[in-house]
Each structure stands twice: as structure tokens, then as C-alpha cells.
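Geometric and topological summary
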Amino acid sequence: MGYLIGILAGALGGGLVYASLSLSLALFGGLATRLGLAVPLLLGGGLGLVAARFQPKREAPWPYLPLAALGLVLGVLLPESLGVGRGWDGLAGLLTGVLAGYALRDLKLHPPDRETWEVLGLRGLRAVGLVFFVFVVVFPFWGMLVASLKPRAEFLANPADLSIPLSAGLGRLLEGYRAVLVDYHFLRYIANTAYVATVTMLLTLFLSVLGAYAVARLEFPGRRWMERAVLLTYMFPAIVLAIPLYAIFTLLGLRNTLSGLIVVYLAQTLPVALYMLRSYFETIPASLEEAGLIDGCSRFEVIWRVTLPLSLPALASVGLYVFMIAWNEFLFAFMFLDSPEIFTLSRGMVALNSQEVPYQYLMAGAVIVTVPVMLLFFWFERYLVGGLTAGGVKG
Amino acid sequence: MPRSLKAREARLAFYMLLPTFLIVVLIVIFPVIADFWISFKDIKLGDLRPPRAAVVERVEARPRAPGDPLVVAYRVENRSKNPIQAVRFSDALPPGVRPVSVPPGCQVTGDRLFCRLGALPPGTRRVLRLRLEATAAYFQAGRPNPRRTRPQAVTRAANPLLSKPFTLANFPKVFHDPEFWPMLWVTLAYTIFGTGLSILLGLFAAQLLVVRFAGRNLLRGVFLFPYVAPVIAVAFVWVFLLDPFAGTVNALLLKYGLAHNPIPFLSQRVWPVHLLGLELRIPLALTMVILFEGWRYFPFAFLFILARMQAMPAELFEAARVDGAGVWATFRFVTLPQLLGILATLFLLRFIWTFNKFDDIFLLTGGAAGTETITIKVYDYAFARADLGLGAALAVVLFFILALFLTVYFRYAPKGEV
């Protein structure tokens, strides 16, 4: 019975690996593959049988290594001997081996009980879930990248082929980027967006440090009430503010300016920045600051010399969060900016989204908007995740 | 007597909070109040353009010899639909002329004419005749045409936000719009299903990444992609990928035989599905924007749920194992109860934010094909139909619905979790 479970689990795992691998290869690599059933079932079943006999233990240093190696060897040999080799089989075998090992690891197989089935089902669900999420998340971003590299006609010839035509040469591949950056002035939009996001970030940090310090450390009437009220504004929909702000900013001549935009972004980011920094300041022992005050520092000296150096991680997450919000913002940039010289990237993208501009350029623009955020995100992921969970980025 | 320390501290706090407070009041609180104000006025988008007086100059008589009259007529016209309170204009006169008669409200100083006119109702005009006498110097200068210099006009008009009369006409228009109730249902469906889907996906994703394995941290970063990427980029990409003719998704469906014809995902209102002899009418575009909502915001729920799960004490799971609880029982009776607080908070937060959401649907469908939510409608009224008053009236309605939700939120939100 235990071996039967092993074979079954292995075969299902083999099916999953081969199906997802050939779909990915076809989609992302442009390699024509056909789903054969025999190889994955045979290979997976065999590996499952082995895994059921020599079950991997969690504590072992490299629990899946033997099965992976066996999978690699079989994955190369089996399709060859059946005459259906297609390359990549080694990888598929390797993954199938790991999966079969993972499925049967530490499992009570001889004989199985109810928990065995539950754990097996859970692990199956995990494997399918991981494949699903990775695919669903990566697919559009990959599609964006590929569509930005291929001329329209080439893409239309086979939209189901999302491979990068590397043979075209770098110059042709990057044609869309050249056009968008130079002909459609995205270089200027990048500078505008960076300016708006940086100024917003610096001003928000400055004002929210002051405000958060006051709420965290100083006694004044209506302290809690005030903070709640500020946080409440965070729940207001942008579109409700859009009509009056549009009208008033137009009459004041502030609408079509980057300064007007920055003021709106400040109002959108200050409440959360204040909230996040306040929570952090409260974790710093007040005695440190009192020592500074007794030594004769003024309040502002204490903030500058004691509080801020201790809150660098919080400042980093708040700053990143604000920068990201300002960089990504769409609605107000779209409504406020009319003159192409001061377009931000969001507004520039809307201008690019027209019948006359090829989709390749639009996708190149999308990549240009996205890449800086992604780079920042990966660089500072640690801080950013802290910021996201602390404040809950609105969106 | 020096002020007490306490009063000084309160004063300092006041100054430190003042800028933040001012900005929030000016950019958030004040506009909400202004919404109420505008909703009771008939203000069109065009009213924001200040009315300008057009000053057209015409020469009615040109001198032939010194001493002849030179008559210049200025036609001042208000071509807009709004009243002008006052007009001022000035014009340079040609050299070598002497004023004979100056129209009322005007005066000639040196070689310039200055005029001040009173109110100019919409669509009216006034003509001012300036009689001059040409001297020899005028002919020496080569008989210059007075029209060579253009009159400079400055207009003062009332602020349309303040001057327009109050009206109650906007609210009946909002409620009698035949699309009002469908729009509310679409908003509700989008909010509830979008919120639910994003939290369910987030819960699932968190279960996947709570166990330790190689590459887990990388995957956690990757899972956050949809959430941190700019909305404009991801929305345009999905529009592109879901395109019926050039899109990859349809090409894949056709290639693997899952569909016989391309599916216009974002532009078709209803997609009939035949299942067991029953015809199900799926609201296609609405379903797609809900799926997008789930895709884009599951990382938010994922992040919170994962953080909560990693903080759960291991002893509880150990105890459950000792008691012989299976996988499902452990999840149902150990994990889930500890997640209830964060799930409730997430639901309320995401519910409110999804209800407020504008960008996503606007960029995906523009509100077409049965995806017009209340926020899209506000934009549609105010900017597509150029009726700010009507848009503000719907924004006020939106605000009241939101206030209802917020009351529920602050009433039931678990303490300590945002």
C-alpha cells in the first residue's frame, strides 16, 4: 500500500513538473513542446517508488539530493531510450525527484493512516499553489518585458510566444526604449517624477518627524484625538477630494504645476508617516532623551542627536514608502498636469496610450515606470516590508 | 511669573504639529466641505476658466492731412457665459496725436489710453469711441496705424465657486439617473468580491510561505510585485495581455483549445456560459476587474497574515499534534482562530479602500461594459460631462456611504491592530 501511494504521488508530481515546465518553455522560451504522458508518469512513478522505500528525513543534511540525482540521470536516460528526448529532461527529472521526495518526506507510509492522506493532500496543494502563484505573478511582468522588446508585427504573428528574440541584436531589441526615452521625452518625465517623489519624501519626513515626536513625547490636550482624526483622513477617497481640489487649484493657478502636485502628495502621505513614526518613537526609551535634556540640549538638538539616529530603520521605511506612493500616483498627476514639460511618468504613460503609438512603446514605458520601483524594493526590501506592515500602504 | 513647563510643552507640540495639521485640513478636510458647497451649485467645468473681455480695435476715420480727425473705436465684449465685474484696458496711441474727445471712464496720459469699465453681463458688448486729431508729427512718423499696438485688457470676474446661486437641482439628477441603482450594485459586488478574493488569495499564499524552504525570501519579494508596481503599468499590461486579438491570454486559450473564439475580456458586459443545460450569464468585464483586484491586492493580505502566522507560538501546534489533530483540524482550530483578528481588520480596511478605488477600473475598462462603480461615475459626471456640481453631488452621496462604513469600522475594529 505504501509503495502504491509512493508511485501515485510520484506520478502526479511528475505530471505537474512536466506540465508546468513545458508550458513555461513554450510560453517564455518559444520552444515548441508537446505534452507526452508516458515519460512523466513512468519517471514520476519510479521516483515515487524509490522515495517510498528510502524516505527522506527532514533532519538529513541534503534530504533530496539522492532523489534529485537519480531524477537527473533517469530524466536524461528515459526519454532518450524511448526516443522522445527534447532537452530540459534532465531538469524535469531533477525537479520530479525533489518533488517526490518532498511529498513522501517523514510520512507514515507503512501502513498509511488518515493523517498520511491529509499531509499528502496538503503537500500536493502546496506544490500546485506555488506553481500557480509564481506563474500568475511573473506572467504579466514577463509579458510586459517581452512586448517592449518585439515590434508589433512580430508579436502579432504569434501572441502566445513570449520568448525574447535575442538573435535580433541589442539595437533592435531596445528600439522601443530609445523611442520612448528620446522621442516621447520619457527622460524628462523620469526627471520630473524623481523630483516630485524626492521632494515629497523629504518634506514628509521632515514634517512627520516633528509631528510624530510631538504626539509621542509631549503632553498636550487632545493628543490621541488629534492622531485619530489625522488617521481618519487616510480613509477618504481621492476622487471625493479631486473635484474641489481641481476647481480650487485651477482658480489659484496651482493646478498645472509640480508644486501643486507635491502639496497633494504631502497630504496623502503625512498621516501614515506620522502614525508609523509615532509608533516607532514610542519604542525608544524616553530616558535616553531625558539624559540629553538634562545635559542641556534643546528639544530639537535631542531629536537631531538622539531620536533620529536611533530611528534610522523607521525613517528608511517611511521614506521609501512615501517615495513609492509619490512615484506610482496616478489620479492627481492625470488630472492636474496639462503641459508636457512637467509630465510625471504616470501622466506620460496616459499620453502614450493612444492609437498612433505602437503597443511596443507603451510596454517599454511600462517597464521604465516599473523598474526603478522594483530596484528600490529589492534593495531595501527589509525596510519596506516593515513599512508596509506598520502602516498598511493605501491602495 | 514664567509660564509653567506644561504650557510650554503644549505650545511646542502645537507648533510641531501645525504644518501637518494645516496641510491635512487644507487638502483633505476643506475639500470635503467644498464638495458639499459645490454640490448645491450649478458649476460647469468651463466656469473655471475666468471670463475674458475681448477688446477689438477698429479705425473709423483716418486723417489725410494734419488737423484731420483720427477716430478709433474699441469694442469690449464678454463672449463667455459668466458676468464680468470690471474690465480695465490700456492701449498705446500713435505718436503725434492730440485727444479731442475721450469716452467716459477713459483718460489719456502721455501717449497711452487708460480705460476702466464697469460690469459686463455675459454676451454683451460696449463700444468706446476715441476721437483724436492728427498733427504734423503724425505724418512725419509715417501715418502709423493705431491698430499696430494691441490693447491690453485685465478682467476682474467673481469667483464662480462663490458667485453662482445655490440650487437643489443636482441631487434629484443623481438619484433619477437610471444608472444609479445598477451602479451601486456594481460597486457593492466589486467591493465585496474584490476584497474577499484578495484576502483568500493572501491567506493561501501565506500558508505556502510560512514553512521554511530554500528561496522562500526571494519568493516573498516576488509575491509583492503586483502590489508595489505602479498601477498604470500593471493595468496597461493586463489590458494588453487580455486583448481579444493581439493578447497572449486569448492566443493561449485558442492554442490549447480552451476557447473557440477570442474572448473580449474587458469589453463585453455579459458572457453566456452553458452548463448542464442551464445558461449562466456571467458579467464578464466585472469579473475581470474583480480578478484584477484580487491579483493586485493579495500581497497586502499576504504580508499581514504571514507576519501574524510567524508570530504564532509553536507550542500550540505542538500541543495540537500531541492531541492527534490532523492537518485540517490544526488549521481550523489552531491557526484560524488566531488569524480572526487580523482577517477582520484586513476585511474592513480593504473593503473601504476597494470601495474608494478609482484608478484600477478607470485604467482597465474606463467604466465601460458594466464596470461603472460610484467613483468612476463621479469622474464621469464631473470631467467627462464637465458638470462639477453634479459630480460633487454624487461625491457627497459617496461620502455618506463611506461614513456609514467608517462608523462600522471604528465600532468593530479590534483594538491595537490598525
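Residues numbered from 1 in each chain as written. Chains lettered and ligands numbered in written order. Predicted model: local features only at pLDDT ≥ 70, side-chain atom pairs only at ≥ 80, totals over all residues. Heavy atoms only, no water.

With that out of the way, let us pick up the domain arrangement of chain B. In many analyses, interface size is given as the accessible surface area lost on bringing the parts together. The assigned domain composition of chain B is domain 1 (51–156) and domain 2 (177–386). For domain 1 of chain B versus domain 2 of chain B, the separation of C-alpha centres amounts to 66 Å. (Domains from an automatic or database assignment.)

Glancing now at the pattern of salt bridges. All names here are of chain B. Applying the stated criterion across every chain yields a total of 23 salt bridges over all chains. A salt bridge links aspartate 47 to lysine 164; its shortest N-O distance comes to 3.1 Å. With aspartate 47 in the loop between α1 (5–39) and β1 (53–61) and lysine 164 in the loop between α3 (160–163) and α4 (170–176), this pair connects stretches of sequence that are 117 residues apart. Judged on exposure class, the residue aspartate 47 and its partner lysine 164 are both buried. For glutamate 77, the salt bridge is made with arginine 125, and the minimal N-O distance between the two is 3.8 Å. Taken together, the residues glutamate 77 in strand β2 (residues 69–78) and arginine 125 in strand β7 (residues 125–134) connect sequence positions 48 residues apart. (Salt bridge = Lys/Arg side-chain N within 4 Å of Asp/Glu carboxyl O. Helix = DSSP H or I, 4+ residues; strand = E, 2+ residues; numbered from the N terminus. Buried < 20%, exposed > 50% of the residue type's maximum accessible area, 1.4 Å probe, protein only.)

All names here are of chain B. The antiparallel open sheet is built from four strands, whose spatial order is β1-β2-β7-β4. Sheet topology places β1 and β4 (97–101) at the edges, where each strand pairs with a single neighbour. Neighbour-to-neighbour, the strand axes of this sheet turn through a mean angle of 30 degrees, independent of strand direction. The pairing of β4 with β7 spans four bridges and is antiparallel. Among the inter-strand pairings, arginine 98 is bridged to a residue of β7, identified as glutamate 133. (Pairing = 2+ DSSP bridges. Axes fitted to C-alpha atoms, helices over the stretch in contact; angles between N-to-C directions.)

Taken residue by residue, the interface counts 101 residues in chain A and 102 residues in chain B. Interface of chain A and chain B: buried area, both sides summed, is about 8900 Å²; carbon and sulfur atoms make up 83% of it. Interface area lost by chain A to chain B is led by Phe133, Met235 and Ile243 of chain A, which between them contribute 9%. At the junction of chain A with chain B, the criterion picks out one salt bridge. The residue arginine 299 of chain A makes a salt bridge to glutamate 9 of chain B at a minimum N-O spacing of 3.5 Å. Seen at the junction of chain A and chain B, the total is six residue pairs in polar contact (both at pLDDT 80 or more). The greatest single-element share of the side of chain A that touches chain B, amounting to 20 residues, is contributed by helix α5 (residues 114–149) of chain A. Partitioning the side of chain A that touches chain B into residue classes produces 79 nonpolar, twelve polar and ten charged. (Contact = heavy atoms within 4.5 Å. Buried area = accessible area lost by both parts, 1.4 Å probe. Polar contact = N/O pair within 3.5 Å; in protein donor to acceptor, adjacent residues only side chain to side chain. Nonpolar A, V, L, I, M, F, W, Y, C, P; charged D, E, K, R; others polar.)

Attention now moves to the pairing of strand β6 (residues 112–117) of chain B. Residue and element names in this part refer to chain B. The alternating pattern of β6 places Leu113, Cys115 and Leu117 on a buried face and Arg112, Phe114 and Arg116 on a face that is not buried. Sheet topology places strand β5 (residues 106–109) next to β6; four bridges connect them, and they run antiparallel. Its bridge partner lying in β6, threonine 109 is registered against arginine 112. Between β5 and β6, which pair antiparallel and follow one another directly, the connecting turn spans two residues, one of which, glycine 110, has a positive phi of 60 degrees.

Looking now at the environment of serine 279 of chain A. Residue and element names in this part refer to chain A. Examined against the element boundaries, serine 279 turns out to sit in helix α12 (residues 258–283). Classification of serine 279 as partly exposed rests on a relative accessible area of 30%. With 66 residues separating them along the chain, serine 279 and tyrosine 213 place their C-alpha atoms 9.9 Å apart.

This part covers the state of the cysteines. Formally, a disulfide is one covalent bond, and it connects the sulfur atom of one cysteine to the sulfur atom of another. All names here are of chain B. Under the criterion given, the structure shown has one disulfide over all chains. Two residues share a disulfide in this structure: cysteine 106 and cysteine 115, whose sulfurs sit 2.0 Å from each other. Measuring the twist about the S-S bond at about 115 degrees, one finds the cysteine 106-cysteine 115 disulfide to be right-handed. Here the two residues cysteine 106 and cysteine 115 agree in accessibility, since each one is buried. (Disulfide = S-S within 2.5 Å.)

All names here are of chain A. Partitioning chain A into structural domains gives domain 1 (2–154) and domain 2 (178–391). Counting residues at the interface gives nine residues for domain 1, matched by eight residues for domain 2. Taking both sides of the interface into account, the surface hidden between domain 1 and domain 2 amounts to around 650 Å²; carbon and sulfur atoms contribute 75%. Considering only the side of domain 1, the residues that lose the most area to domain 2 are Met144, Ser148 and Arg152, jointly responsible for 64% of the buried surface there. The interface formed by domain 1 and domain 2 contains zero salt bridges. On inspection of domain 1 and its partner domain 2, the count reaches one residue pair in polar contact (both at pLDDT 80 or more).

Turning our eyes to something else, we now look at α1 of chain B. Given 3.6 residues per helical turn, the α-helix brings residues three or four places apart onto the same face. Between its first and last C-alpha atoms α1 of chain B spans 47 Å; for 35 residues at 1.5 Å apiece the expected length is 51 Å, and the two agree. The largest bend along α1 of chain B measures about 45 degrees and falls at leucine 18 of chain B, with the proline proline 19 of chain B one to four residues further on. (Expected span 1.5 Å × (residues − 1). Bend = angle between axes of the 7 residues up to and from the residue.)

Attention shifts here to the pairing of strand β9 (residues 270–275) of chain B. Within a regular strand, side chains alternate between the sheet's two faces. Residue and element names in this part refer to chain B. As judged from the six bridges shared by β9 and strand β10 (residues 278–283), these two strands associate in the antiparallel manner. Across the sheet, proline 272 pairs through a bridge with arginine 281, a residue of β10. Counting the residues that bridge the hairpin from β9 to β10 gives two residues, and of these leucine 276 lies at a positive phi of roughly 50 degrees.

Right, let's talk about the packing of aromatic side chains for a bit. Throughout the structure, instances matching the rule amount to 51 aromatic pairs over all chains. Aromatic side chains phenylalanine 300 of chain B and tryptophan 353 of chain B sit 5.8 Å apart centroid to centroid with 65 degrees between the ring planes, which places their arrangement in the edge-to-face category. One end of the pair, phenylalanine 300 of chain B, is in helix α10 (residues 284–310); the other, tryptophan 353 of chain B, is in helix α12 (residues 327–356), with 53 residues separating them in the sequence. Comparing phenylalanine 300 of chain B with tryptophan 353 of chain B shows no difference in burial state: the two are buried. Relative to phenylalanine 400 of chain B, the ring of phenylalanine 399 of chain B has its centre 6.3 Å away and its plane inclined at 70 degrees; by these criteria the two rings are edge-to-face. What links up through ring pairs into an aromatic cluster is the set Phe135, Phe139, Phe141, Phe377 and Phe378 of chain A together with Phe225, Trp238, Phe292 and Trp295 of chain B. When the ring centre of tyrosine 275 of chain A is taken as origin, the NZ or CZ atom of arginine 278 of chain A, which lies over that ring, is 5.4 Å away. The ring of phenylalanine 333 of chain B carries the charged tip of arginine 332 of chain B above its face, separated from the ring centre by 4.8 Å. (Phe/Tyr/Trp six-rings, centres within 6.5 Å; stacked < 30°, edge-to-face > 60°. Lys NZ or Arg CZ within 6 Å of the ring centre and 35° of its normal.)

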